[in-house]
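Read off the chains here:
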Amino acid sequence: MDKFMIEGGRKLFGKVEVQSAKNAVLPLLAASVLTDEQVKIRGVPAISDVENMLKILSELGCKIKRTKDCAIIDGKNAVSHEIPARLTKELRSSVFMLGSVLSRFQKAKISYPGGCDIGLRPIDLHLSGLKRLGVQIVEENGYIICVAENLTGADILLDFPSVGATENIILAAVKAKGVTVIRNAAKEPEIVDLQNFLNAMGAKVAGAGSSTIVIEGVKKLHGVEYTPIGDRIEAGTFLIAAAVCGGEIEVEGISSENIAALLHKLRENGCKIHIKNDKIYLGSDGNLKSVDLVETTPFPGFPTDLQAQYSTLCCTASGTTLVVENLFETRFKFAAELKRMGADISVRDRTAVIRGVKKLHGACVTAGDLRGGAALVIAALGAEGESSVYDLSYVDRGYADFEYKLRKIGANIKRIHI
Ligand code: EPZ
């Protein structure tokens, strides 16, 4: 289990180039089995979620070529419709492989992904959407077994704008007979990216980014070369780190629209923010004002994936902030670790009351999930003294070259293999 040793208290200066979005690359990789031609995705980050998705594809029979930042998938010889259980456990979001495997093989088998570190993570909306497309689904001994002789377009209303369910239904519908309409669809930028990727393969998808998406089934999809959008959560993580530590950074490769909710809060906290094309500049003296309330909601609201990192900022902002986590049941696990660093946080269910203190102090802390781990790194960077952040397997799921990128902008951080 690796750990970070971090000497806090240094301001951050310089440029950060964001990676391709993890939450865009994963559905694009799932979509690559929809064609038996070659798919090339550029800028694929070296993170364990991506490596696990590539392992799933190769166990289905796809040929994978991986360079430092490209993935080439050749699905010609894909033969298996069974998504390996040990990999589903590692990668919950493998559940949206269902849609593309069903479309390719008219059948699919996956072990129930179950809950994880941030909540129950049910998949009822995925399964009810697939059933509307004519998929027969049997759940037995912890497996979900799907059969779809002929996927047929349908009008689907999601009870909740679930990102994964929206993606799964799109993947199952692109080669279905007829037209599918998804209402109350998720509007995240990663879904727009999936639409653009599929249309570049010859699909007919329209409306992504709005709550109504229309998919006209086509017979065949061809290969494609594609560069996904920048990772808005990685960008937000670095912007929050600079806001907390003080300094001036420029984050490149991201549309400011994709993190407008965060930028709005950071301005209220007193950060200077300028935007130029796909570059976001942030300046901060490290002495931040608190905002009264932050509530996570589906896009374009404040993203749940930046809640932990932003809660860390609230720990040393002057004043009290109420943080409400509306998307997941247990996404405040990092709070207990921040309290070991001197934070004043009270958590009840999905709400945290955070009273700003002058400074946090270094401590030994342990990550319990991906974004909570990033929050602890930010806390350690802004704290006085030395911290150890244990269990880097979580941050390694979503941040490529994390310590390298932080060192490049002045952080004193090193990875220790233990
Ligand atoms: C995606 O997860 C992201 N993961 C998550 O990012 C992100 O937090 C989440 O969307 C919300 O934005 C990927 O894209 C790989 P949801 P997903 O379905 O699709 C409920 C990260 O840190 N729900 O939009 O699983 C669910 O319980 C990860 O990068 C149902 O009730 O999220 C939750 O309360 C973490 N039934 C809410 O919807 C369902 O069938 C949002 O879930 C599906 C979801």
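1. Thoughts on the sheet that holds strand S16 (residues 272-276)
Alright, step 1. One open sheet accounts for four strands, arranged S2-S15-S17-S16; its pairing is mixed. With partners counted over all chains shown, the strands left at the sheet margins are strand S2 (12-17) and S16, one partner each. The mean inter-strand angle of the sheet, taken between neighbouring strand axes irrespective of direction, is 10 degrees.
Alright, step 2. Strand contacts of helix H9 (residues 260-268): S16 and strand S17 (279-284), with the helix running at about 145 degrees to S16, the strand carrying the most contacts.

2. Focus: helix H6 (residues 163-173)
Alright, step 1. Burial within H6 is extensive, with ten of its eleven residues counted as buried.
Alright, step 2. Those residues of H6 lying buried are Gly164, Ala165, Thr166, Glu167, Asn168, Ile169, Ile170, Leu171, Ala172 and Ala173.
Alright, step 3. Near the N-terminus of H6, the side chain that reaches the backbone nitrogen of Ala165, with its oxygen 2.9 Å away, is that of Ser162.

3. Here we look at the packing of helix H8 (residues 232-245) against helix H12 (residues 370-382)
Alright, step 1. One way to put it is that H8 packs onto H12 with a least axis distance of 9 Å and a crossing angle of 25 degrees. Between H8 and H12, the angle is such that the two are roughly parallel. You can see that H8 and H12 cross each other, and the crossing is right-handed. Judged by residue contacts, Ile233, Thr237, Ile240, Ala241, Val244 and Cys245 of H8 engage Arg371, Ala374, Ile378, Leu381 and Gly382 from H12.

4. Some remarks on the domain arrangement of the protein
Alright, step 1. When cut into domains, the protein gives domain 1 (2-18 + 230-417) and domain 2 (22-226).
Alright, step 2. The C-alpha centroid of domain 2 is placed 30 Å from the C-alpha centroid of domain 1.
Alright, step 3. Facing 25 residues of domain 1, the contacting portion of domain 2 comprises 19 residues.
Alright, step 4. The junction of domain 1 with domain 2 conceals about 1700 Å² of combined surface from both sides, 50% of it contributed by carbon and sulfur atoms.
Alright, step 5. Taken together, the connections running from domain 1 to domain 2 amount to two salt bridges.
Alright, step 6. With a closest N to O distance of 2.8 Å, Asp49 and Arg397 form a salt bridge.
Alright, step 7. Counting the contacts that link domain 1 with domain 2 gives eleven residue pairs in polar contact (both at pLDDT 80 or more).

The rules behind the values
Throughout, a residue's number is its position along its own chain's written sequence, starting from 1. In keeping with the model being predicted, local features are shown solely for residues with a pLDDT of at least 70 and side-chain atom pairs are shown and tallied solely at 80 or more, while totals for entire chains, interfaces and linings include all residues. Only heavy atoms go into the side-chain values, all of them from the structure, while hydrogens and water stay out. The pairing criterion is simple: DSSP has to find at least two bridges between the two strands. Helix numbering and strand numbering both begin at the N terminus, where a helix is a DSSP run of H or I of at least 4 residues and a strand a DSSP run of E of at least 2. As a rule, the C-alpha atoms of each element are fitted with a line to give its axis, helices using only the stretch in contact, and angles between N-to-C directions run from 0 to 180 degrees. Should any heavy atoms of two residues lie within 4.5 Å, those residues are considered in contact. Only protein chains enter the area calculation, which uses a 1.4 Å probe; residues under 20% of their type maximum are buried, those over 50% are exposed, and those in between are partly exposed. Contacts described as polar in this section are N or O atom pairs within 3.5 Å, which, within protein, must combine one atom able to donate a hydrogen with one able to accept it, while residues neighboring in sequence count only if both atoms come from side chains. Oblique is the label for every angle not falling under 35 degrees (roughly parallel), over 145 degrees (roughly antiparallel), or within 65 to 115 degrees (roughly perpendicular). A crossing counts as left-handed when the near helix is turned anticlockwise from the far one by less than a right angle, and as right-handed when that turn is clockwise. All the domain ranges listed were derived from an automatic or database domain assignment. For any pair of parts, buried area is found by adding up, for both, the accessible area (1.4 Å probe) each one loses once the two are put together. Only one rule defines a salt bridge in this text: a Lys or Arg side-chain nitrogen within 4 Å of an Asp or Glu carboxyl oxygen.

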